[in-house]
Amino acid sequence: MIYIRKEEKADFTAVKFVNDQAFKQPQEGTVIEILRDANCDILSLVAEKEKKIVGHIFFSPVSIEGHP
């Protein structure tokens with residue numbers, strides 16, 4: 001069974017690993033860390049299976065210059 005729950009500080013290392021693996025590059029996990037450190041997250045959830053982080057989703061506001 002997979003459980004979805006709110007990300008906790010203890011999850012940060014596992015979340016970085018999951019994102020880096022999912023996107024096959026270290027930039028994705030780093031972007032999440034930068035956004036988290038800037039308090040830009042609205043919602044950050046992890047998927048947990050057998051007490052291991054197997055997925056992550058992160059929502060944050062975004063704006064595109066020149067577009068309302």
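Residues numbered from 1 in each chain as written. Predicted model: local features only at pLDDT ≥ 70, side-chain atom pairs only at ≥ 80, totals over all residues. Heavy atoms only, no water.

A. How the structure looks around the nonpolar core. Grouped together as the largest cluster of nonpolar side chains are 6 residues: V15, V18, I32, V46, I53 and F58. Every element with two or more residues in this core is listed here: α1 (12-23) and β3 (52-59). (Core = buried A, V, L, I, M, F, W, Y, C linked by side-chain atoms within 4.5 Å. Buried < 20%, exposed > 50% of the residue type's maximum accessible area, 1.4 Å probe, protein only. Helix = DSSP H or I, 4+ residues; strand = E, 2+ residues; numbered from the N terminus.)

B. How the structure looks around the pairing of strand β2 (residues 43-49). Pairing of strand β1 (residues 2-6) with β2, which is carried by 5 bridges, proceeds in the antiparallel orientation. Bridge assignment links I4 to a residue of β2, and that residue is A47. In this sheet, β3 lies alongside β2 in antiparallel orientation, the contact comprising 7 bridges. Looking across to β3, one finds that S44 is bridged to F58. The turn joining β2 and β3, which pair antiparallel and follow one another in sequence, is formed by 2 residues; a positive phi near 50° is taken by E50. (Pairing = 2+ DSSP bridges.)

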